[in-house]
Amino acid sequence: MKTVLITGATSGIGEACARRFARGGYRLVLTGRNEEKLKALCEELETTGTEVRSLVFDVRDREAATAAMASLDVVPDVLINNAGLALGLEKEYEGDYQDWDTMIDTNIKGLLTMTRLVVPRMVEQGRGHIINIGSVAGDAAYANGNVYCATKAAVKALSDGLRIDLAETPLRVTNVKPGLVETNFSRTRFHGDQQRADNVYKGIKPLTGDDIADVCFYAAEAPAHVQIAEVLVLATHQANGTVIHRETK
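Report follows, based on the coordinates. Quick caveat, the model's predicted, so the values are computed rather than measured.

### A short note on the pairing of strand E6 (residues 172-178)
Within E6, seven of the seven residues are buried, leaving the element largely enclosed by the surrounding structure. In E6, alternate side chains face the same way, and those of Arg-172, Thr-174, Val-176 and Pro-178 on one face and Val-173, Asn-175 and Lys-177 on the other are all buried. The pairing of strand E5 (residues 129-133) with E6 spans five bridges and is classified as parallel. What sits directly across from His-129, in E6, is Arg-172. Taking the sense of rotation as the criterion, the β-α-β connection linking E5, helix H5 (residues 146-165) and E6 turns out right-handed. As judged from the four bridges shared by E6 and strand E7 (residues 230-233), these two strands associate in the parallel manner. Within E7, the position partnered with Asn-175 by the bridge is Glu-230.

### Here we look at the nonpolar core
Within the largest apolar cluster, 42 residues are counted, with the highest numbers of intra-cluster contacts made by Phe-21, Leu-28, Leu-30 and Ile-80. Take this core: its biggest share by element is seven residues, from helix H8 (residues 209-221). What Leu-28 contacts, discounting residues up to four positions off in sequence, is Val-4, Ala-18, Phe-21, Ala-22, Leu-45, Thr-50, Glu-51, Val-52 and Arg-53. Listed in part, the 22 residues of the second largest apolar core include Leu-5, Met-69, Val-119 and Ile-130.

### A look at the side chain of Asn-82
Tracing the sequence through the fold places Asn-82 in the loop between strand E4 (78-81) and helix H4 (97-125). For Asn-82, a relative accessible area of 11% puts it in the buried group. Those residues in contact with Asn-82 that lie beyond four places of it in its chain are Thr-7, Gly-8, Ile-13, Gly-14 and Ile-133.

### Points about the pattern of salt bridges
Applying the stated rule across the entire model yields 13 salt bridges. A network of salt bridges, in which partner residues are shared, links Asp-139, Lys-156, Asp-160, Arg-163, Lys-177 and Glu-230.

### What to know about the packing of aromatic side chains
Under the defined criterion, the tally for this structure stands at five aromatic pairs. Aromatic pair Phe-21 and Phe-217: ring centres 5.1 Å apart, planes at 75°, arrangement edge-to-face. Placement of the pair is Phe-21 in helix H1 (residues 12-23) and Phe-217 in helix H8, with a sequence separation of 196 residues. With a relative accessible area of 0%, Phe-21 lands in the buried category. Given the relative accessible area of 12%, Phe-217 is considered buried. One aromatic cluster is present, formed by Phe-21, Tyr-26 and Phe-217 through successive ring pairs. We note Arg-20 situated over the ring of Phe-217; from NZ or CZ to the ring centre the distance is 3.9 Å.

### Overview of the pairing of strand E3 (residues 52-56)
As paired elements, strand E2 (residues 27-32) and E3 share five bridges and run parallel to each other. Of the residues in E3, the one forming a bridge with Thr-31 is Leu-55. A crossover connection joins E2 to the parallel E3 through helix H2 (residues 35-46); in handedness this β-α-β unit is right-handed.

### Details of unusual backbone geometry
A positive phi angle, close to 70°, is found at Asn-144, a residue other than glycine. Looking at the secondary structure, you find Asn-144 in the loop between E5 and H5. Among the residues examined, Asn-144 registers a relative accessible area of 29% and is labelled partly exposed. Its identity as a non-glycine residue notwithstanding, His-191 has a phi of 55°, on the positive side. Turning to its location among the elements, His-191 is positioned in the loop between helix H6 (185-189) and helix H7 (194-200). What makes His-191 exposed here is its relative accessible area of 54%.

### Here's the deal with the sheet that holds E3
If you trace the seven strands from one edge of the open sheet to the other, you get E3-E2-E1-E4-E5-E6-E7, paired in parallel fashion. The open sheet has two edge strands, E3 and E7, and neither has a second partner. Going from strand to strand, the sheet's axes swing by 15° on average, the running direction of each strand aside. Taken strand by strand, H4 contacts strand E1 (3-6), E4 and E5, and its axis lies near 175° from that of E4.

What counts and how
- Residues numbered from 1 in each chain as written.
- Predicted model: local features only at pLDDT ≥ 70, side-chain atom pairs only at ≥ 80, totals over all residues.
- Heavy atoms only, no water.
- Buried < 20%, exposed > 50% of the residue type's maximum accessible area, 1.4 Å probe, protein only.
- Helix = DSSP H or I, 4+ residues; strand = E, 2+ residues; numbered from the N terminus.
- Pairing = 2+ DSSP bridges.
- Right-handed = clockwise from strand over helix to strand, strands pointing away.
- Core = buried A, V, L, I, M, F, W, Y, C linked by side-chain atoms within 4.5 Å.
- Contact = heavy atoms within 4.5 Å.
- Salt bridge = Lys/Arg side-chain N within 4 Å of Asp/Glu carboxyl O.
- Phe/Tyr/Trp six-rings, centres within 6.5 Å; stacked < 30°, edge-to-face > 60°.
- Lys NZ or Arg CZ within 6 Å of the ring centre and 35° of its normal.
- Axes fitted to C-alpha atoms, helices over the stretch in contact; angles between N-to-C directions.

What follows is the structure in structure tokens.
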């Protein structure tokens, strides 16, 4: 039985990936900061016969992440670096220092920490697949997206660099870059302002976490000689990070 380790598994794309890989017959290792939500998700999935283990820690906490990975007695076949977030939508010169630190520490340094802790074990066992959740925002900056866009550009560069470093091994690296996905992403970005979050998706049918989970599962299940290096996934009426057609009533 294959094992998938998913960071940020308590909501959005991470939770959808947990459900999709469970249906695909994988053993799950789920991580997240919210112990209550993580426990509820694991208990729900266990009722379907899925073998699940939960690890409660913040990917920004390198010591906690290191301890959690040391406790694992199985080497994941798939690592989904999903934990990430956007905070704020201000001009770069008016941004919030704490928001910047949280995004950089989670989206970049957290991803690097998990990669450093897991991938050497994959190399040693001679198999593995790293799926990084990037964003269309990593292709080109958009107005007021500055630091978030920079972190997702870093995810692309780190994915490309890791793929080069692993070219002599059987390991694969995939960068999945979603566009508009209706999860708690925008609510988090706007610090809980639900009205502003809802406006992001007005007039367009956005992607769902399930749509992205399907892409991740497809990449993971591709034949061993096939490496899905990068996938840009957009809603039908979204052309790129800035061009979105919205229906008006």
